[in-house]
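Structural characterization, general
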Amino acid sequence: MKHLLKLSDLTPAEIEEILNLADQLKYDQQHGIDHRYLKGKTLGMIFQKSSTRTRVSFETGMYHLGGQALFLSSRDLQIGRGEPVEDTARVLSRYLDGIMIRTFAQSEVEDLAKYGSIPIINGLTDYCHPCQVLADLMTIREHKGELKGLKMTFVGDGNNMANSLIVGGIKSGMEVAVACPAGYKPDAGIMKWAAENGTFTCTEDIAAAVKDSDVVFTDVWASMGQEEEKAEREKVFKEYQVNEEFMSLAHKDAMVQHCLPAHRGEEITAETFEKHAAEIFDEAENRLHAQKAVLVLTMGSKN
Ligand code: CP
Ligand code: NVA
């Protein structure tokens, strides 16, 4: 695997390979078996948006694998003062062995890969969040045994999480349903692809979407960069809340997943969140293991 720019670039077999390696690395870490697949390697981590999980899990993952990570805030980089991505990519390729970037435009991530000569990993854009969804698939598989045939539902804004969940879910043989208000649907190209390649529905009817689900996802109503729309979005998304009433329509043993950070009382109630906290924090933990697998497969001696 050369880069991780978006899940649609990966085959189902490549996704499965990442999940299998992630499981192995998690097992090994829990049993004190160390790997130095990235000995002497450096990952640059460019952040144009805030992060808790992504930053800490990538930095820790690199350390576990014998390498190191550099936190590069766009506030301090020349990129923040207008140095072109083309130049930044070519310069950083001379120092680093890989770049993880969290930014706004997907085109910036694609351009880094185009102009640079080292692996690029997408740590979230407005368009998608592939690392998160790999961790999500890993968590569902851990809890449910297998992914194929399960029904995954996303309730809320058709944002970066919705886009990646649709692609990851369909590529893993899951049925995917999305419940979101008109005007806030996921990417049209992704929805078209999903309908052509699997069982996919998008509806404004939350109950219909959640019915018979095996796993229910939600995410914030206002993503990073949409802070000014917060008040308007609170009105639009009022009904789009994962709560016990909707969960009673899902399968009895249905999981709830949330990429975090969560806003209790908005996209999820405190009650439902706490009821499923063990699964949600497994999901957060699995960021570390899934990303270690991505790092090894892109930057390591296993590629
Ligand atoms: N879920 C996620 O990506 O979290 P951070 O924004 O804290 O990295
Ligand atoms: N949709 C959210 C995800 C945060 C991890 C955002 O982009 O802010």
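Residues numbered from 1 in each chain as written. Chains lettered and ligands numbered in written order. Predicted model: local features only at pLDDT ≥ 70, side-chain atom pairs only at ≥ 80, totals over all residues. Heavy atoms only, no water.

**A look at the packing of helix 1 (residues 12-30) against helix 5 (residues 130-144)**
Spelled out, the test is: Note on geometry: axes are C-alpha line fits, over the in-contact stretch for helices, and angles between N-to-C directions span 0 to 180 degrees. Numbering of helices and strands starts at the N terminus; helices are DSSP runs of H or I of at least 4 residues and strands are runs of E of at least 2. Working definition: roughly parallel below 35 degrees, roughly antiparallel above 145 degrees, roughly perpendicular at 65 to 115 degrees, and oblique for all remaining angles. Crossings are classed by handedness, with left-handed meaning an anticlockwise turn of the near helix from the far one by less than a right angle and right-handed meaning a clockwise turn. Here a residue-residue contact requires only that any non-hydrogen atoms of the pair lie within 4.5 Å. Charged residues are taken to be Asp, Glu, Lys and Arg, nonpolar residues to be Ala, Val, Leu, Ile, Met, Phe, Trp, Tyr, Cys and Pro, and polar residues to be all remaining types, Gly included.
Interhelical geometry of helix 1 versus helix 5 gives an angle of 70° and a closest axis separation of 10 Å. The pairing of helix 1 with helix 5 is recorded here as roughly perpendicular in orientation. Taken as a pair, helix 1 and helix 5 cross one another with a handedness that is right-handed. Mapping the contact onto sequence places I15, E16, I18, L19, N20, A22, D23 and K26 in helix 1 and L134, L137, M138, R141 and E142 in helix 5. Residue composition of the contact of helix 1 with helix 5, grouped by class: seven nonpolar, one polar and five charged.

**What about the side chain of H3?**
For clarity, the cut-off: Working definition: with a 1.4 Å probe on protein chains only, accessible area under 20% of the residue-type maximum means buried, over 50% means exposed, and in between means partly exposed. Counted as a polar contact is a pair of N or O atoms within 3.5 Å, where, for protein atoms, one must be capable of donating a hydrogen and the other of accepting one, and residues adjacent in sequence contribute only when both atoms are in side chains.
Tracing the backbone shows H3 in the segment before helix 1. H3 sits in the buried class, given a relative accessible area of 17%. Polar contacts involving the side chain of H3 include one to the main-chain amide nitrogen of I120, which spans 2.9 Å. Beyond its immediate sequence surroundings of up to four residues, H3 is in contact with A113, I118, P119, I120 and T298.

**So, helix 1**
Condition: Under the convention used throughout, the expected extent of a helix is 1.5 Å for every residue step, that is, one less than its residue count.
End to end, helix 1 covers 27 Å across 19 residues, agreeing with the expected 27 Å (1.5 Å per residue, within 8%). For helix 1, every residue scored as buried is listed here: I15, I18, L19, L21, A22, L25, K26 and D28. Residues of helix 1 that are buried in the fold lie against helix 5, helix 6 (160-171) and helix 12 (277-299).

**Some remarks on the sheet that holds strand 3 (residues 98-102)**
For the record, the criterion: Strands were regarded as paired on the criterion that DSSP finds at least two bridges between them.
Spatially, the four strands line up as an open sheet ordered 2-1-3-4, and their pairing is parallel. Both edges of this open sheet fall to strand 2 (68-73) and strand 4 (120-122), since each of them pairs with a single strand only. Strand-to-strand twist across the sheet, computed as the mean angle between neighbouring axes with direction ignored, equals 20°. Pairing of strand 1 (residues 42-47) with strand 2, which is carried by six bridges, proceeds in the parallel orientation. Across the sheet, I46 pairs through a bridge with L72, a residue of strand 2.

**Points about the nonpolar core**
Within soluble globular proteins, side chains that are nonpolar tend to cluster in buried spots. The following threshold applies: Residues enter a nonpolar core if they are buried and are Ala, Val, Leu, Ile, Met, Phe, Trp, Tyr or Cys, with the set joined through side-chain atoms within 4.5 Å.
Core analysis: the biggest nonpolar cluster contains 55 residues, and I140, M152 and L295 have the highest contact counts within it. Residues V210, W221, M247 and I268 belong to the second largest nonpolar core, which totals 23 residues.

**A word on the site of ligand 1**
Applied cut-off: Nearness of a residue to a molecule or strand requires only that one of the residue's heavy atoms be within 4 Å of it. For the area figures, the Shrake-Rupley method with a 1.4 Å probe applies, and any residue is considered shielded solely by the protein chains shown. In this analysis, the protein atoms alone were mapped onto a 1 Å grid. Cavities are point sets where a 1.4 Å probe fits without being able to get out; pockets are open sets with protein on both sides within 12 Å along at least five of seven lines; lining residues have an atom within 4 Å of a point. A molecule is said to be in a cavity or pocket once over half of its atoms fall within 2 Å of that pocket's grid points.
As a matter of local geometry, ligand 1 sits amid S51, T52, R53, T54, R102, H129, Q132, C259, L260 and R287. Here R53 contributes a side-chain N or O atom positioned 2.8 Å from an oxygen atom of ligand 1. Contacts to ligand 1 include L260, whose backbone N or O atom sits 3.0 Å from a nitrogen atom. Protein coverage of the free-state accessible area of ligand 1, which is 250 Å², stands at 95%. When atom positions are compared with the pocket grids, ligand 1 is found to occupy the largest pocket. When its residues are assigned to classes, the shell around ligand 1 shows two nonpolar, five polar and three charged.

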